[in-house]
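# Notes for the structure review
Spelled out from the first residue to the last, the chains are:
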Amino acid sequence: MINYQGGFVRRGLLGEIILKLNSCCGLDPYSAIITLSLISFILLIGFFVIKLKKGGYTLFFLPFVIFLGNPIIHDFWVRKDILLVLIFILIIHLITRRTRPNLIFVNLSLVVGILIHESIAFFGFPIIFLLLYSKKKSFWTSVLFLFPSLLVFFLVLYYKGSFYISQKIWDSWKAISFPHESAEKLNIPAAIDGLSWSLKQGLLFSYHTLRNFQDGIYAPIGWIVIIVVIYFILSNTDKLNIKLLGYQGYNVFSKTIISNLLLLQFISVVPLFILGWDYGRWIFLWVTSSFAVYLILSQRELNQLFPQVISNATRKINLLLTQVFKGTSILLLCLLIGFPAHSWSLTSTINSSSFIIVLKFISRVIELIFTVSGI
């Protein structure tokens, strides 16, 4: 819903388009947002299902909270993250499917993504730069190729917003009726009000995480364990029982390549973990972008993509984790792993695990049966 009614500001492109379409064509903003979000999610599911089946890989990990189940379980499927991943996928296709990447289309797609939400720059720029460098073999040529996108990225960082802009944006939507409106309509919602936050206010969330001992667990340790477990699961997906979904894959992921991608993309999204505490969303961007690149590029392209420091690091990490998780079932980890949408809470971690979600669903069904039967 962020738009340009208070002046140019980060994250305003999509909201401005929807507002203009409402003014000129009577487009219902609520329906447009829900429809766009739903179509985007269906397209993303379709991409991973088709690519995984075509490559002969397991589909089993897709519905878990560590992957496509994340937006549903943490209720952010109507946010911009899914659309950003789709734009990222388009950019990777534009770069890899041409001998000479088209400067205009690559930058146009990346600029649109940045103007929708600047987070695409964090998980997109490093891998996009490496892809360009692998083709052009020149650092400065690759930088110049991405200069338009880099310029827009720095512009949205500079025009980050203010209280005045937040108020003007919120005022621009007041004449439009949305379903499920609360009595607090006069208050600017956090997503829009966040434009007025200073860097210090944004970093306070990370500071609170560093001081969080909720449920007797130090939050950073809890998140480190979760991220390590997710990395271990996704770098060992070939060990999942793929017959459980009735689909027999015939290929296994290259552990070296997928590990390199997971480490590179995690390093890329670390700034997001520092600047905001929507950790569930950052994990989604991390894992989906990693697997998207793996499924689009050829093994030959991927093998020559990574700096040696990444390959050396993942080799050591994998050796260590193999010993730590020796004898542990990947399937069991998939069922038990969970994590909060933000901050830290042991209750949220447990409640987001697939085992608990299924258990609660079965309990509700049994409760409904007893209610209907009058027992």
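For the structure itself, consult the block above.
So, here is what we can say about the structure in this document. Nothing here was measured: the structure is a model prediction, and the numbers come from that model.

For the rest of this paragraph, the subject is the pattern of salt bridges. Within the structure shown, the criterion is met by six salt bridges. For the salt bridge of R281 with D81, the shortest nitrogen-to-oxygen distance reads 2.8 Å. Of this pair, R281 sits in helix 14 (residues 279-296) while D81 is found in helix 4 (residues 81-96), placing the two residues 200 residues apart along the sequence. A relative accessible area of 0% means that D81 is categorised as buried. Two residues, K174 and D171, come together in a salt bridge whose shortest N-O distance is 3.3 Å. Owing to a relative accessible area of 35%, D171 belongs among the partly exposed residues under this scheme. Residues participating in the shared-partner salt-bridge network are R10, R11 and E118.

Further remarks concern the layout of surface pockets. Considered as a void within the structure, the second largest pocket measures approximately 490 Å³ in volume. The wall of the second largest pocket is formed by 19 residues, among which W223, I224, I227, F266 and F273 lie closest to the centre. Elements with a minimum of two residues in the lining of the second largest pocket: helix 11 (199-210), helix 12 (219-234), helix 13 (255-275), helix 14 and helix 16 (308-324). Here the residues of the lining of the second largest pocket are counted per class, giving 17 nonpolar, two polar and no charged.

The phi dihedral of R11 is positive, around 70 degrees, even though this residue is not glycine. Structurally, the position occupied by R11 is in the segment before helix 1 (13-25).

Our next topic: the side chain of N236. Mapped onto the secondary structure, N236 falls in the loop between helix 12 and helix 13. Within the structure, N236 has its side chain in polar contact with the side chain of S235 (distance 3.3 Å). Among all residues touching N236, those that are not within four sequence positions of it are K255 and I330.

Let us look at the environment of P148. Inspection of the secondary structure puts P148 in helix 8 (residues 147-158). Assessed through its relative accessible area of 32%, P148 is described here as partly exposed. For P148, the residues in contact, after removing those within four places along its chain, are N107 and V111.

On to the packing of helix 12 against helix 13. When two helices pack together, their arrangement is captured by the angle between the axes and the distance separating the axes. With their axes 10 Å apart at the nearest point, helix 12 and helix 13 run at an angle of 150 degrees to one another. Classified by the angle between their axes, helix 12 and helix 13 sit roughly antiparallel to one another. The two elements helix 12 and helix 13 cross, and the hand of that crossing is right-handed. Together, I227, Y231 and L234 of helix 12 and I258, S259, L262, L263, F266 and F273 of helix 13 make up the contact between the two elements. Looking at the contact of helix 12 with helix 13 residue by residue, the classes come out as eight nonpolar, one polar and no charged.

Before going further, it helps to examine the environment of T349. Along the chain, the position of T349 falls in helix 18 (residues 346-351). With relative accessibility at 12%, the residue T349 sits in the buried group. For the pair T349 and I337, spaced 12 residues apart in sequence, the C-alpha separation works out to 7.9 Å. Excluding anything up to four places from it in sequence, T349 contacts I226, G338, F339, P340 and W344.

Rules behind the numbers
As a convention, each chain's residues are numbered from 1 in the sequence order in which they are written. Confidence filtering applies because this is a predicted model: local features only for residues at pLDDT of at least 70, side-chain atom pairs given and counted only at 80 or more, and all residues used for totals across whole chains, interfaces and linings. Here the side-chain values reflect all heavy atoms present in the structure, with hydrogen atoms and water set aside. What makes a salt bridge here is a side-chain nitrogen of Lys or Arg within 4 Å of a carboxyl oxygen of Asp or Glu, nothing more. Numbering goes from the N terminus for both helices and strands, where a helix is a DSSP run of H or I of at least four residues and a strand is a run of E of at least two. Each residue is assigned to one of three classes by its accessible area relative to the maximum for its type, calculated with a 1.4 Å probe on protein chains only: buried under 20%, partly exposed between the two thresholds, exposed over 50%. For each structure, a 1 Å grid was placed over the protein atoms alone; sets of points admitting a 1.4 Å probe that cannot get out are labelled cavities, open sets with protein on both sides within 12 Å along at least five of seven lines are labelled pockets, and lining residues have an atom within 4 Å of a point. Grid points are joined across faces, edges and corners, and a volume is the space filled by probe spheres set on the points. We call Asp, Glu, Lys and Arg charged. Ala, Val, Leu, Ile, Met, Phe, Trp, Tyr, Cys and Pro are nonpolar, and the rest, Gly among them, are polar. We define a polar contact as two N or O atoms separated by no more than 3.5 Å, with the added condition that, inside protein, one atom must be a possible hydrogen donor and the other a possible acceptor, whereas residues neighbouring each other in sequence contribute only through side-chain atom pairs. In this description, contact between two residues means that some pair of their heavy atoms is separated by no more than 4.5 Å. Lines fitted to C-alpha atoms define the axes, with helix axes restricted to the stretch in contact, and inter-axis angles between N-to-C directions lie between 0 and 180 degrees. Orientation categories follow fixed angle ranges, with anything under 35 degrees roughly parallel, anything over 145 roughly antiparallel, 65 to 115 roughly perpendicular, and all other angles oblique. By convention, the crossing between two helices is left-handed when the near helix turns anticlockwise from the far helix through less than a right angle, and right-handed when the turn is clockwise.

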